[in-house]
Each structure stands twice: as C-alpha cells, then as structure tokens.
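In case you want the letters, here they are:
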Amino acid sequence: QVQLVESGGGLVQAGGSLRLSCAASGRTFSSVSMGWFRQAPGKEREFVAAISWTDGSTNYADSVKGRFTISRDNAKNTVYLQMNSLKPEDTAVYYCNTVLTLDPSRPFGSWGQGTQVTVSS
C-alpha cells in the first residue's frame, strides 16, 4: 500500500509562488511515475504535471507550461510542484497520484486529501 500526503498549499497573491510537496509512504516502486492534478469548484479534476521516476522526463498541461515545474527526490520518496507566476485561475485543490509512465495524464492510485491553493485577485 502507498499513502500520499500533499502539503504546501496556501493563500497567495496573483504573480506569487508556492511549492507543493507530495510525500509517499509505504511500499513503492522506483519505476512508478507521479503526477499532480487539481480540481476547482464546479470543474472536473484535471491533469497538471507528471514526472517519471525512471528517467525524470516531465509532462505539463498547456495551462501551466513555463510557470510550473515538477521535480522529485527519490531518497525522500517525495515529488514537488514549484508554482510561479500564479493566476487566480490556478485556484484549486491540488492532488498527487501515481500515473502511467506511458500515459502520464492517467492516474491509477487512491486520492488523498489534497492541498488547497488560493490565488487572490
């Protein structure tokens, strides 16, 4: 079993930055890729970014390219999402999950509690 815990969310002004963390506990596979997703009120959950645990390759949604960066620390079983130039449209609950390496927009694990990101104005 793998448990995922998201943290790092908060309230920021437009143009500001936040760094989200996703810590995995329990048994994991080094070859499993991880992704970030978000869900705003009244909208479906959407893919944000993903990173491969094997080669570090990344994928991003068009809406966040150039602003968000996903990274990993295998020793800590943790993935990060650095969010810069935040916009009010980025306001959502952010979740991490395991994803298919060859189709990284597709999650396959259980969802955690997520972390709230609110961007004002």
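Just above sits the structure.
Note that this is a predicted model, so its numbers are computed, not measured. (Residues numbered from 1 in each chain as written. Predicted model: local features only at pLDDT ≥ 70, side-chain atom pairs only at ≥ 80, totals over all residues. Heavy atoms only, no water.)

Some thoughts on the overall build of the chain
Each helix and strand counted, the chain has 0 helices and 11 strands in total. Going residue by residue from the N terminus, the α and β elements of the chain occur as β-β-β-β-β-β-β-β-β-β-β. Rg of the C-alpha trace for the chain: 13 Å, near the compact-globule value of 14 Å for 121 residues, within the 12% margin. C-alpha extents for the chain along the principal axes are approximately 40 × 25 × 25 Å. A total of 121 residues make up the chain; the buried ones form 39% of that total. (Helix = DSSP H or I, 4+ residues; strand = E, 2+ residues; numbered from the N terminus. Rg over C-alpha atoms; globule rule 2.2 N^0.38 Å. Buried < 20%, exposed > 50% of the residue type's maximum accessible area, 1.4 Å probe, protein only.)

Observations regarding the sheet that holds strand S1 (residues 2–7)
Taking strand neighbours across the sheet as the criterion, the 4 strands line up as S1-S3-S8-S7 in an open arrangement whose pairing is antiparallel. Unpaired on one side and paired on the other, S1 and strand S7 (68–73) mark the two borders of the sheet. Neighbour-to-neighbour, the strand axes of the sheet open up by a mean angle of 15°, direction not taken into account. Examined bridge by bridge, strand S3 (residues 18–26) and strand S8 (residues 78–83) share 6 bridges and lie antiparallel to one another. Note that in S8 the partner of Arg19 across the bridge is Gln82. (Pairing = 2+ DSSP bridges. Axes fitted to C-alpha atoms, helices over the stretch in contact; angles between N-to-C directions.)

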